[in-house]
Amino acid sequence: MEYRIISHTESRRLILIFAGWAMDWRPMKNLRRPGYDVAVVWGYTPDDVVPDFAEGYDEICLVAWSLGVAVAPAAVRCIADKITLAIAVNGTMTPVDDRCGIPEAIFRGTLDGLDDRNLTKFYRRVTGSRPAFDRFDVDRPVFDLDTLRRQLAMFLSYSAAAMNWDMAIIGKRDAIFPPENMHRAWAGRTRCVDTDDAHMPDFQDIIDRYVINKELVQERFSNGLRTYDSAATVQADMAARMMCMLADAGVSLASARVLEVGSGTGLLSRQLDSQIGPGGCLDMIDLAACAPVEGADRSFTRGDAELIIRALPSAAYDLVISASTVQWFHSPERFMAECRRVLMPGGCIAIGTYVDGNLPEVRNLTGAGLSLLSADDWHRIAAALGGDVAQFTPYSSTLHFSSALEAFRHLKLTGVNSLATTGEGAGKLRHALRSAEPFELTYKALIFLIKLPIDYAR
């Protein structure tokens, strides 16, 4: 396996791309994401592991493409504790398979007929159009044919290791992995996202869409701390709803051991603190804020909760609770598995978050928005934890403003303006901000409660 760091920012976070067969770093040399280094690996052999350079990062977002999807699970075992996001792009875990991969006859035909002319034809099928191929050909990968034959032949008998993927991106115009085969391969295993791409996707769009700029999130929420409580009416309502949800479900907080993820300015923390009382403990984690409550058996950790929770001891809490936070996580599903791990038997997980369709006015105007799970996605994740989904309540909240300017000022005051707007969206936004027309913001929210059984096998 070879590698190249194509964007070196001295960040502690890394986007690690597993390229497909007959690919190297050159077609991806311009990929960038603020707050992350970007590296590409390629040229696979049967027993590959990720080079040592990756172990120096605190957080790794994995994007595996094509035949790299099958290689990645075994190769990243040594850094699995650092991975917060794993995306499979136009590939499957069974690379040569008539129903769930590349049909065997087509695969063998590519291998048996490999020469310079057919390699060029392959690249044209990969890119999907003449203009795309012409752009690709400027930075065409450099290989000798004997090396490519050996690397391709490996996949005829390759057995992929097990791995949990956060999503599978499937290009409708893929001429290498049939889209219907990819759908069969991933059905019931992970969330599938269809795109209009050919086999070679727009990698910059993928990392912009799914890799969260956590440095920007931290900066914007830090800037909004002084004004957050006065403006965060929707967030305060969610915190109040969650406390009512706990009471309605008969969850007693007296003397409980509670972990709050995303404590912020303390909209929820203060309510928890008063109900836990001096006999319990409250541990709080937040990326941007300071300790909202202090005292005996009250602790605060500033940092990335997706990583911090992995270092917490198992069976340490009676309740893990989070409001208006997990939508900023790379992998809510991985986070929920960690929540289950740190809970005592009989403990509870209470989550309040925003779901697909949130702030549609902002997305329609700017083209920017988080890639959020749907309520159905969340119900699937909650049910898979093996507990009782005791409460599950989607709801909407609409705020009315005198103008778009006032609406976006509201977003700034609450720190929820952590998404970049460029191109056509930036122009539409400038026009809207000059308008005196009324403007609405619609929050699509969800609160739910999971009760774990008293006795369960970890």
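Bear in mind the structure is a predicted one, so any value in this text is a computation, not a measurement. Each chain has its residues counted from 1, following the order in which its sequence is written. The predicted origin of the model limits local features to residues at a pLDDT of at least 70 and limits the giving and counting of side-chain atom pairs to 80 or more, whereas totals for whole chains, interfaces and linings rest on all residues. Computation of side-chain values: all heavy atoms of the structure, hydrogens and water removed.

Participant: Looking at this model, I keep getting lost on the sheet that holds strand S12 (residues 343-354). Mind explaining?
Facilitator: Adjacent strands of a sheet pair through backbone hydrogen bonds, lying either parallel or antiparallel. Here seven strands make up an open sheet; going across it, the order is S10-S9-S8-S11-S12-S14-S13 and the pairing mixed. Each having just a single partner strand, strand S10 (298-302) and strand S13 (388-401) make up the two edges of the open sheet. Direction aside, the axes of adjacent strands within the sheet are offset by 15° on average. Here, any two strands with at least 2 DSSP bridges between them count as paired. A helix here means a DSSP run of H or I that spans at least four residues, while a strand means a run of E at least two residues long, and both kinds are numbered starting from the N terminus. The pairing of strand S8 (residues 257-261) with strand S11 (residues 317-323) spans four bridges and is classified as parallel. Bridging from a neighbouring strand, valine 261 pairs with serine 322 of S11. By definition in these notes, contact holds between two residues if any of their heavy atoms fall within 4.5 Å. Axis definition: a line fitted to C-alpha atoms, limited for helices to the stretch in contact. Angles are taken between N-to-C directions and run from 0 to 180 degrees. Along the sheet face, helix H13 (residues 332-342) touches S8, S11, S12 and strand S14 (439-451) and points at about 150° away from the line of S12. Helix H16 (residues 404-413) contacts S13 and S14 of the sheet and is inclined by roughly 30° relative to S14.

Participant: Help me out: how do you make sense of the sheet that holds strand S1 (residues 2-7) in this one?
Facilitator: Strand order in the open sheet made by the seven strands is S1-S3-S2-S4-S5-S6-S7, with mixed pairing throughout. This sheet does not close on itself; its edge strands, each paired only once, are S1 and strand S7 (191-195). When strand polarity is set aside, the average angle formed by the axes of neighbouring strands in this sheet is 20°. As paired elements, strand S2 (residues 13-18) and strand S4 (residues 59-65) share six bridges and run parallel to each other. Counted as the bridge partner of leucine 16 is leucine 62 from S4. Against the sheet, helix H7 (residues 203-210) engages S2, S4, strand S5 (83-89), strand S6 (167-171) and S7, with an angle of about 145° to S5.

Participant: Looking at this structure, how should I read the packing of aromatic side chains?
Facilitator: Centre distance and the angle of the planes are the two values used to describe a pair of aromatic rings. To pair, rings of Phe, Tyr and Trp, with the six-membered ring standing in for Trp, must have centres within 6.5 Å; the planes then decide the type, stacked if under 30 degrees apart, edge-to-face if over 60, and tilted in the middle. For the structure shown, the criterion picks out 14 aromatic pairs. Taking the centre distance of 6.0 Å and the plane angle of 20° together, the rings of phenylalanine 18 and tyrosine 44 count as stacked. Of the two residues, phenylalanine 18 is situated in strand S2 and tyrosine 44 in the loop between strand S3 (37-42) and S4; the sequence distance between them amounts to 26 residues. Pair check on accessibility: phenylalanine 18 and tyrosine 44 agree, each one buried. Ring geometry for phenylalanine 122 and tyrosine 123: centres 5.9 Å apart, planes at 55°, overall tilted. Cluster of aromatic residues (ring-pair linked, three or more members): Trp21, Phe122, Tyr123 and Phe136. Each residue is assigned to one of three classes by its accessible area relative to the maximum for its type, calculated with a 1.4 Å probe on protein chains only: buried under 20%, partly exposed between the two thresholds, exposed over 50%.

Participant: How should unusual backbone geometry be read in this particular structure?
Facilitator: Phi is positive for alanine 315, close to 50°, though the residue is something other than glycine. Mapping alanine 315 onto the fold places it in the loop between helix H12 (305-308) and S11. With phi around 55°, serine 324 is a residue other than glycine that occupies positive phi space. Considering the arrangement of structural elements, one finds serine 324 in the loop between S11 and H13. For serine 324, a relative accessible area of 13% gives the class buried.

Participant: Would you mind going over helix H8 (residues 214-223) with me for this structure?
Facilitator: For an α-helix the count is 3.6 residues per turn, leaving residues at separations of three or four pointing the same way. Buried within H8 we find Lys214, Leu216, Val217 and Phe221. Seen from one end, H8 has its buried residues packed into an arc of 155°, which puts them on one side. Those residues of H8 that are buried are in contact with S2, S4, helix H9 (225-231) and H12. Each direction from the helix axis to a C-beta atom contributes to the arc, which is the arc of those directions.

Participant: So what exactly am I meant to see when it comes to the packing of helix H2 (residues 104-112) against helix H5 (residues 145-153) here?
Facilitator: Two measures define how a pair of helices packs: the angle their axes make with one another and the distance between the axes. Direction vectors running N to C along H2 and H5 enclose 160°, while the axes themselves pass 10 Å from each other. It follows from the interaxial angle that H2 and H5 lie roughly antiparallel. The two elements H2 and H5 cross, and the hand of that crossing is left-handed. Facing H2, whose interface residues are Phe107, Thr110 and Leu111, H5 presents Arg149, Leu152 and Ala153. As a working rule, the residues Ala, Val, Leu, Ile, Met, Phe, Trp, Tyr, Cys and Pro are called nonpolar, Asp, Glu, Lys and Arg charged, and the rest polar, with Gly in that last group. Here the residues of the contact of H2 with H5 are counted per class, giving four nonpolar, one polar and one charged. Note on terminology: angles under 35 degrees are roughly parallel, angles over 145 are roughly antiparallel, angles of 65 to 115 are roughly perpendicular, and the others are oblique. By the definition used in this description, the sense in which the near helix is turned from the far one sets the handedness, with an anticlockwise turn below a right angle giving left-handed and a clockwise turn giving right-handed.

Participant: Sorry, what's going on with the packing of helix H3 (residues 116-127) against helix H4 (residues 130-138) here?
Facilitator: One way to put it is that H3 packs onto H4 with a least axis distance of 8 Å and a crossing angle of 120°. Classed by the angle they form, the pair H3 and H4 counts as oblique. Here H3 runs over H4; the crossing is right-handed. Listed contacts from H4 to Thr120, Tyr123, Arg124 and Thr127 of H3 are Ala132, Phe133 and Phe136.

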